[in-house]
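# Report on the structure
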Amino acid sequence: MNTNNEATGEPALYASLVASAVQMAAAFWLPWSDQQVVLVNAAVMAAAGVWVAFSTRSVDNGGSVKAAILGFAQAIISLAVVFGWSATAEQTAGLMSFVGLLVAVFIRQTSVPKSSLTLAA
């Protein structure tokens, strides 16, 4: 079991570096709106959340991974819409359902439920 928790702080540092680079690029070179910059940074932060969830999955048996991946998928869909992807509410709902089920299948194989003896204690 890896007990080195220092790696979980690195995603925030790297995500902040990328967010700063995106803001600088938008200020000097990219013709992006403030909303586009914000959503790119939100997607970067969501990716960092996935990284942390995978890094710490032994603590919660992988439960946080599903939420992190769903949050990342939602951020990417929002980002795609802002950059011009025209998706209906039904398409977005179908995509999120698919991602949710895909993640559930993956997490089901990697997570271990707590025993009833552990819950009762």
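Scroll up to find the structure.
For the structure given in this document, a descriptive report is provided here. Note that the coordinates shown come from a computational prediction; the quantities given were computed from them, not determined experimentally. (Residues numbered from 1 in each chain as written. Predicted model: local features only at pLDDT ≥ 70, side-chain atom pairs only at ≥ 80, totals over all residues. Heavy atoms only, no water.)

Our next topic: the overall build of the protein. From N to C terminus, the protein includes six helices and zero strands. Starting at the N terminus, the α and β elements of the protein follow one another as α-α-α-α-α-α. Every one of the 121 residues in the protein was classed for burial, and the buried ones make up 24%. Sequence-distant contacts in the protein: of pairs separated by 6 or more residues, those separated by 24 or more amount to 65%. Element-wise, carbon and sulfur atoms account for 65% of the exposed surface of the protein, whose accessible area totals about 8,200 Å². (Helix = DSSP H or I, 4+ residues; strand = E, 2+ residues; numbered from the N terminus. Buried < 20%, exposed > 50% of the residue type's maximum accessible area, 1.4 Å probe, protein only. Contact = heavy atoms within 4.5 Å. Areas by Shrake-Rupley, 256 points an atom, 1.4 Å probe, with all protein chains shown as cover.)

So, about helix H2 (residues 34–55). Quick reminder: α-helices carry 3.6 residues per turn. Residues three or four places apart thus point the same way. Taking 1.5 Å of rise per residue, 22 residues should cover 32 Å, and H2 covers 31 Å from first to last C-alpha, within 8% of that figure. Taken as a whole, H2 has its buried residues at Gln36, Val37, Leu39, Val40, Asn41, Ala43, Val44, Ala46, Ala48, Val50 and Ala53. (Expected span 1.5 Å × (residues − 1).)

Nonpolar side chains collect at one region of the surface, where Met24, Phe28, Trp29 and Leu30 lie side by side and expose about 490 Å² of accessible area between them. Here Phe28 lies in helix H1 (residues 10–28). Given the relative accessible area of 61%, Phe28 is considered exposed. (Patch = residues over 30% accessible without salt bridge, like charges linked within 9 Å, V, L, I, M, F, W, Y side chains within 5 Å. Salt bridge = Lys/Arg side-chain N within 4 Å of Asp/Glu carboxyl O.)

A few words now on the packing of H1 against H2. Describing two packed helices takes the angle between their axes plus the distance from one axis to the other. For the pair H1 and H2, the least separation of the axes is 9 Å and the interaxial angle reads 165°. What the angle tells us is that H1 and H2 run roughly antiparallel. Crossing handedness for the pair H1 and H2: right-handed. Facing Pro11, Tyr14, Ala15, Ser16, Val18, Ala19, Val22, Gln23 and Ala26 of H1, the residues of H2 in contact are Val37, Val40, Asn41, Val44, Met45, Ala48, Trp51 and Val52. (Axes fitted to C-alpha atoms, helices over the stretch in contact; angles between N-to-C directions. Parallel < 35°, antiparallel > 145°, perpendicular 65-115°, else oblique. Left-handed = near helix turned anticlockwise from the far one by under 90°.)

Bringing the packing of H2 against helix H4 (residues 63–82) into the picture now. Two elements in contact, H2 and H4, have axes whose closest approach is 8 Å; the angle formed by their N-to-C orientations is 165°. With respect to H4, the element H2 is oriented roughly antiparallel. Considering only the axes of H2 and H4, their crossing is left-handed. Of H4, the residues touching H2 (which contributes Gln35, Gln36, Leu39, Val40, Ala42, Ala43, Ala46, Ala47, Gly49, Val50, Ala53 and Phe54) are Ser64, Val65, Ala68, Ile69, Gly71, Phe72, Ala75, Ile76, Ser78, Leu79 and Val82.

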